[in-house]
Amino acid sequence: YRQAVLKKLYNWDIPFGIDIKCAGVVAIHTLCSSITDGDHQAPPQVKHGVPFLVISNITSGRVDYNSMRFVPEAYYDALDKKRVPRTGDVLYSVTGSFGIPAIVESDEPFCVQRHIAMLRPNKVASKYLFYMFSKNQKLRVFINIIIVR
């Protein structure tokens, strides 16, 4: 199911500008070098290690790096590099409190659960995608409709 959701997000067209009725439209995957989510395997948890962030760590457009969950370094090191968030990625909650974007602003290592989409923009600024996902209510509702289906 989650792969279907990401595929819809990957193939979805977003407008340039703020108004949905604008003239220029581009597929979101053409703006990003990668669109994925966290690892789909349940991660092993340890008392100390690499922070493992969940949806509750994405609030008010910011990433809260104060995680109470951790995974072993070996687990983190084995993750596919496109599933490891890096500075400039846009995180987007896709279940539960869905529709919350946040920009990764830290070089500190961490990983995310599968309920968080990671968009790695390479044709537009991260702040552009963040703004589109957070400020444009028509767009946000449309994204949430796609994700719910």
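None of these values were measured; they are calculated from a predicted model.

Colleague: Any chance you could explain the packing of aromatic side chains here in plain terms?
Modeller: The geometry of an aromatic ring pair comes down to the distance between the two centres and the angle between the two planes. Using the criterion set out here, one finds two aromatic pairs in the structure. Relative to Phe110, the ring of Tyr65 has its centre 5.4 Å away and its plane inclined at 75°; by these criteria the two rings are edge-to-face. In this pair, Tyr65 sits in the loop between β6 (62-63) and β7 (70-71) while Phe110 sits in the loop between β9 (101-103) and β10 (111-112), placing the two residues 45 residues apart along the sequence. Centroid distance Tyr92 to Phe133: 5.0 Å. Interplanar angle 50°. Geometry classified as tilted. Of the two residues, Tyr92 is situated in strand β8 (residues 90-93) and Phe133 in helix α3 (residues 126-135); the sequence distance between them amounts to 41 residues. Residue class for Phe133 comes out buried when judged on its relative accessible area of 1%.

Colleague: Looking at this structure, I do not really get the pairing of strand β11 (residues 116-121). What am I missing?
Modeller: Every other side chain in a regular strand lies on the same face of the sheet, so the side chains alternate between the two faces. β11 sits mainly inside the fold: six of its six residues count as buried. By the alternation rule, side chains of β11 split into Ile116, Met118 and Arg120 and Ala117, Leu119 and Pro121, which are all buried. As paired strands, strand β3 (residues 32-37) and β11 are joined by five bridges and run antiparallel to one another. Paired with Thr36 across the strands is Met118, a residue of β11. Bridging between β8 and β11 involves four bridges; their strand directions are antiparallel. By the bridge assignment, Val90 is partnered in β11 with Leu119.

Colleague: Could you clarify how one ought to interpret the nonpolar core in this entry?
Modeller: One broad trend across soluble globular proteins is that nonpolar side chains are buried collectively. Core analysis: the biggest nonpolar cluster contains 14 residues, and Leu31, Cys32, Val90, Tyr92, Leu119, Leu129 and Phe133 have the highest contact counts within it. The set of elements that each furnish at least two residues to this core consists of β3, β8, β11 and α3. Setting aside its immediate chain neighbours within four residues, Leu119 contacts Ile28, Cys32, Ser34, Ile35, Asp89, Val90, Tyr92, Leu129 and Phe133. Core analysis: the second largest hydrophobic core is formed by twelve residues, Ile58, Leu91, Ile116 and Met118 among them.

Colleague: Would you take a moment to explain the sheet that holds strand β4 (residues 50-53) for this structure?
Modeller: Strands in a sheet are paired, the pairing made by backbone hydrogen bonds, and the direction either parallel or antiparallel. Taken in spatial order, the three strands line up as β7-β4-β10 in an open sheet, and their pairing is mixed. Two strands in the sheet have a free side with no partner beyond their single neighbour: β7 and β10. For β4 and β10, the ladder comprises two bridges, and the chain directions are parallel. By the bridge assignment, Phe52 is partnered in β10 with Cys111.

Colleague: Sorry if this is basic, but what is going on with the environment of Thr95 here?
Modeller: Along the chain, Thr95 falls in the loop between β8 and β9. The class of Thr95 is buried, set by a relative accessible area of 19%. Distance from Thr95 to His115, taken between C-alpha atoms, is 5.8 Å for residues 20 residues apart in sequence. Polar side-chain contacts of Thr95 include one of 3.3 Å to the side chain of His115.

Colleague: Help me understand the sheet that holds β9 in this model?
Modeller: Judged by pairing direction, the sheet is antiparallel, and its four strands sit side by side in the order β3-β11-β8-β9 without closing on themselves. Two strands lie at the open edges of the sheet, namely β3 and β9, each paired on one side alone. Pairwise comparison of adjacent strand axes, ignoring direction, gives a mean angle of 20° for this sheet.

About the criteria used
Residues numbered from 1 in each chain as written. Predicted model: local features only at pLDDT ≥ 70, side-chain atom pairs only at ≥ 80, totals over all residues. Heavy atoms only, no water. Phe/Tyr/Trp six-rings, centres within 6.5 Å; stacked < 30°, edge-to-face > 60°. Helix = DSSP H or I, 4+ residues; strand = E, 2+ residues; numbered from the N terminus. Buried < 20%, exposed > 50% of the residue type's maximum accessible area, 1.4 Å probe, protein only. Pairing = 2+ DSSP bridges. Core = buried A, V, L, I, M, F, W, Y, C linked by side-chain atoms within 4.5 Å. Contact = heavy atoms within 4.5 Å. Polar contact = N/O pair within 3.5 Å; in protein donor to acceptor, adjacent residues only side chain to side chain. Axes fitted to C-alpha atoms, helices over the stretch in contact; angles between N-to-C directions.

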